[in-house]
Every structure is written in structure tokens, then in C-alpha cells.
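Chain by chain, the residues:
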Amino acid sequence: MVLSKTASQSDVSVHSTFASRYVRDSLPRFKMPENSIPKEAAFQIINDELMLDGNPRLNLASFVTTWMEPECDKLIMDSINKNYVDMDEYPVTTELQNRCVNMIAHLFNAPLGDGEAAVGVGTVGSSEAIMLAGLAFKRKWQNKRKAEGKPYDKPNIVTGANVQVCWEKFARYFEVELKEVKLREGYYVMDPVKAVEMVDENTICVAAILGSTLNGEFEDVKLLNDLLIEKNKETGWDTPIHVDAASGGFIAPFLYPELEWDFRLPLVKSINVSGHKYGLVYAGIGWVIWRSKEDLPDELIFHINYLGADQPTFTLNFSKGSSQVIAQYYQLIRLGYEGYRNVMENCHENAMVLKEGLEKTGRYNIVSKDDGVPLVAFSLKNNKRHDEFEISDMLRRFGWIVPAYTMPADAQHITVLRVVIREDFSRTLAERLVIDIEKVLHELDTLPAKVSAKLAIAEEAEAQNGTVKKTDIETQREVMAYWKKYVSERKSNKNKIC
């Protein structure tokens, strides 16, 4: 007698993942499903969709770390269930954060005495760090104005137009006017002279960028400090400086140790840096360091005791993971000064390899500087037929993610491509990228100009010849006829037998 069992629809153990009903039906996208599904099916479905994401290692748009050593990966996974804010429950994690703060403060030349603890905090990134630093400046300025009996309702910050969007967020969220120094062609960072001219009695700080997002250039913090000291003497103000070192804070101390941009300058009161950029940690960690306790008003610090002990906290959020703090400490002690210097030197050398390869094509202007964040920003010398956005789009076919963007005011007519060189971007990849860019250029040369370019060329020719400008419908018909002819010729060429 043969015993047999018919598998029911609910008996999922006999199904392979791709033969089960869970991958045959569309999953809910807006409402939670009524029933559970097996863990294998849930994993496979999500994993399949994630395959359509870009490759993080080839994402050359991002400054954020995309590779860490396996040993650090294990530390991250082992601590992923620890809530950093539970300081009494996880005192060692809190101690590791304090060690990181002190190491970074000394790296930035904070004026600390023997055994004196630095003032700073870990954040989820430089955006939160900038919000906290900005709040400290605003509150300190307000307290001073109140004590003097002066209005304190119109604070402002002076920055360059090249600042990251988090500064605009701070200004809008916390009701601070953002006074931007406009850029100009060939000069894509804040001009210290113009910045100091814009300072008034309501300026809570001037924000300088150590590593512009646009082209990696370091702003001249030393000149800004010297000019602002003179203005403060003339006016009786005490306008301070904040340095947004999100990208450059872990570069300058190792590649340009003689450069004065940090707490060696007396007006620099706070500095933020992204641990998840050139601090070499995965996304989710930033740091803000203050010069001294006097630069962080006490009323901004909260004290809680419902987690087991009195705990001071100065953050915009509350709960957050401990993994990135632990990972930052790992990198600081694993690499040390020597290791960080070697990584940054390697990044700089690979940036020069890419830059030289692009220059050899004869088709690009290099917008970035050799000194600064290791990146290469470049633009076409002639973009009348095809532009930088087309190059960016076509490079995706090779897997590369290279952003194209326009500069801020008053240089918005300049379009650039930017490649960020991270630790995991090797010389081989740099050479390969140059080859693929050359392939894209060759292919674009065989294609007709984009419609917008044809219109611009036609209008320019008409203006020079004094001819009557065509109507929109006439131009559209002409372009369509051109494309039909081009497609027809390509089809006929494919059908030819050689």
C-alpha cells in the first residue's frame, strides 16, 4: 500500500521559492498584507528588487564610504541591536564615543589642557551636526543681544552659494536668514572679502567650507579669520566662524597638516565633520566639536534620568544605533595617523590619474583643484552638440554613476561632471573609467545633436545671417525630418552585405 500526501496550498515546505505562489502574485505596495509569508520568500522578493539598485562601489556621485574591512563589518553587526542613547545600559559604547570626540578634537587642534575632555557629540551625519552648531551660535547671539537690550529677532548666517543644502534647511527650519556670497565663473567657493563685507550686527556666524561639494576646493579660512578679526575690532562685534569640514576634515590633517583652518584660528568656534565620508565609516555618523564649553550654551543641553542615570544629551533625535560610533573608533585605532595618511594619499594619486586621463582627451576643462578633496570635476570644452547630462546618462550603461549638475548663482551657466575618489576606487577603476568616457565621446560624435542643441545652433546662425526666425512648428518639422532621414540611413546601412 502506497501512502501519499497531496500538498495543500498552505503547505509551503514542499515548494521551491520561485515555484511558490508568493512570487506569482503582486505584493501590496500601500497597505500591509493580511497574511504572513515564509521568511525565504520575503528575503528573495526583496533581494530581487534590490538587484535593480546601482552598485554602491560604482556610485561616483557620493562622498559616503561604501567599503569597510570584514572585521569592522562584524563589529557593526554584533552591535546593531544596541540603542546608543541607553548610555547607562551601554557604558562602554558611550566611552567609545567620548574617545572619538577627544581624538577628533585633538586632530583639529582644539586648545585642550592636560587631561581636559573635549566638547562634542556624535550625530547621524553632518546635517545634524550643522543644525546643532547653528543652534549654539543662534542661542549665544540671542543671549548677548538680550543682555544688551537690543533686538534679537533677525539673526543671519553668511555663507557661500556653494554650501550644502543642510545649511538652507537650518536657515528655514530655525528662522535664520541665509546671506549667500554669489559665485562667479572660475571661482566656485566663497570669497572671504565679500563674505566679511556682508557681516552685520545680526550675523551669528560665518560658515566656511573645507571641501566644497561642487569641486572639492578648500575655502580660505585663514584669510576669513584675519579679515573678520579686523572687522570685529572696528565694530565691537565678536562674529565667530564655523567650519563645515564634512568632506575635508579627515583629509586636511593628513595631506595638508600645515594648512591653518581649524581651532588654531581664534575665531573658529566649532567644526563639523562626516565620519561616513573620509572618516571611512558607513553612512550614519557625523561629529561636531566645539572649541570650549563656553561656546555651547548650557540651556541647550538636556538631562534625563528615566533610562537609569542622569544623562546629558544634545541631539535633534533621540534613539539611534551604536554601530557607526563603534565603527568610527575601530577606524581611528586600526588605521592611526599613518593609515589615514596612506588612504588619503592614495585617493589623491588616483584623482590625478583620472584628471590626466581626461586632459589627454583634449575635450574637457578641469574645474576642480589639485589640492582639496580628492575628486575630479570637469566640463566639456564644447557642449553645443552634446552636453554633460548626456555623458552622465550614457555612462550608466557601463555601470558608472557620475552626476552632472549646474553651478549655483551666479555661475549657473556652467555645467560640470564630478567623480568622487573614495578609498575603494582603485587606479585600475580610474583607468577603466577614462576608457569608458572615451567610448561615450566617440559614440556621441556619431550621433546627431540633441534637439535643444540644434535649435540653439540654428538660432545663432539665423541671428548672424539676419534671416527671419522660423516658427516653432517649422523648427519641429525640420528636426523630425532630419531624424527620419538619419534613422532611414542607419537601417539601410545595416541591411548592406559586405
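Because the structure is a prediction, the values reported are computed rather than measured.

Trainee: Hey, could you run me through the pairing of strand β2 (residues 156–160) in this one?
Mentor: Within a regular strand, the side chains alternate between the two sheet faces. Across the five residues that make up β2, a large majority, five, are buried. Sheet analysis places β2 next to strand β3 (residues 177–181), joined by five bridges and oriented parallel. Bridging across to β3, asparagine 156 finds its partner in glutamate 177. In this fold, the crossover linking β2 to β3 by way of helix α5 (residues 165–173) has right-handed handedness. Bridge analysis of β2 against strand β4 (residues 203–209) gives three bridges, and the strand direction is parallel. Bridge pairing in β4 links isoleucine 157 to cysteine 205.

Trainee: Mind showing me how you'd approach the nonpolar core here?
Mentor: Considering soluble globular proteins, one finds that nonpolar side chains tend to be buried as a cluster. Residues Val243, Phe250, Trp261 and Ile391 are the most contacted members of the largest nonpolar core, which totals 103 residues. By residue number, the principal contributor to this core is helix α9 (residues 323–361), which donates 16 residues. Excluding residues within four positions of it along the chain, phenylalanine 250 makes contact with Ile104, Leu107, Val273, Ser274, Gly275, Tyr278, Gly279, Gln328, Leu332, Tyr340 and Met344. Counting residues in each nonpolar core, the second largest holds 26 residues, with Ala136, Trp141, Val163 and Ile209 among its members.

Trainee: Explain the packing of helix α2 (residues 70–78) against α9 here, please?
Mentor: Packing of α2 against α9 leaves a shortest axis separation of 8 Å and a crossing angle of 150 degrees. Between α2 and α9, the interaxial angle falls into the category roughly antiparallel. In terms of crossing hand, the pair formed by α2 and α9 is right-handed. Residues Glu71, Cys72, Leu75 and Ile76 of α2 form the contact with α9, whose participating residues are Ser323, Ile326, Ala327 and Tyr330. Looking at the contact of α2 with α9, its residues break down into six nonpolar, one polar and one charged.

Reading the values: rules and limits
- Sequence positions are assigned chain by chain, starting from 1 and proceeding in written order.
- Where local features are concerned, this predicted model is filtered to residues with pLDDT of at least 70; where side-chain atom pairs are given and counted, the filter is 80 or more; whole-chain, interface and lining totals use all residues.
- Hydrogens and water are ignored here; the side-chain numbers use all heavy atoms of the structure.
- Burial classes: relative accessible area under 20% of the type maximum marks a residue as buried, over 50% as exposed, and values in between as partly exposed (1.4 Å probe, protein chains only).
- Comment: elements are numbered from the N terminus, with helices defined as DSSP H or I runs of at least four residues and strands as E runs of at least two.
- Paired strands, as defined in this entry, are two strands with at least two bridges between them according to DSSP.
- A clockwise path from the first strand over the helix to the second, with the strands pointing away from the viewer, defines a right-handed crossover.
- The term nonpolar core refers to a set of buried residues drawn from Ala, Val, Leu, Ile, Met, Phe, Trp, Tyr and Cys, joined through side-chain atoms within 4.5 Å.
- Whether two residues are in contact is decided by their heavy atoms: any pair within 4.5 Å suffices.
- To define axes, lines are fitted to C-alpha atoms, for helices over the stretch in contact only, and angles between the resulting N-to-C directions are given on a 0 to 180 degree scale.
- These descriptions rest on fixed angle ranges, namely under 35 degrees for roughly parallel, over 145 for roughly antiparallel, 65 to 115 for roughly perpendicular, and the rest for oblique.
- A clockwise turn of the near helix away from the far one marks a right-handed crossing, whereas an anticlockwise turn of less than a right angle marks a left-handed crossing.
- Asp, Glu, Lys and Arg are counted as charged, while Ala, Val, Leu, Ile, Met, Phe, Trp, Tyr, Cys and Pro are counted as nonpolar; the rest, among them Gly, fall into the polar class.

Geometric descriptors of this kind do not, in isolation, establish any biological role.
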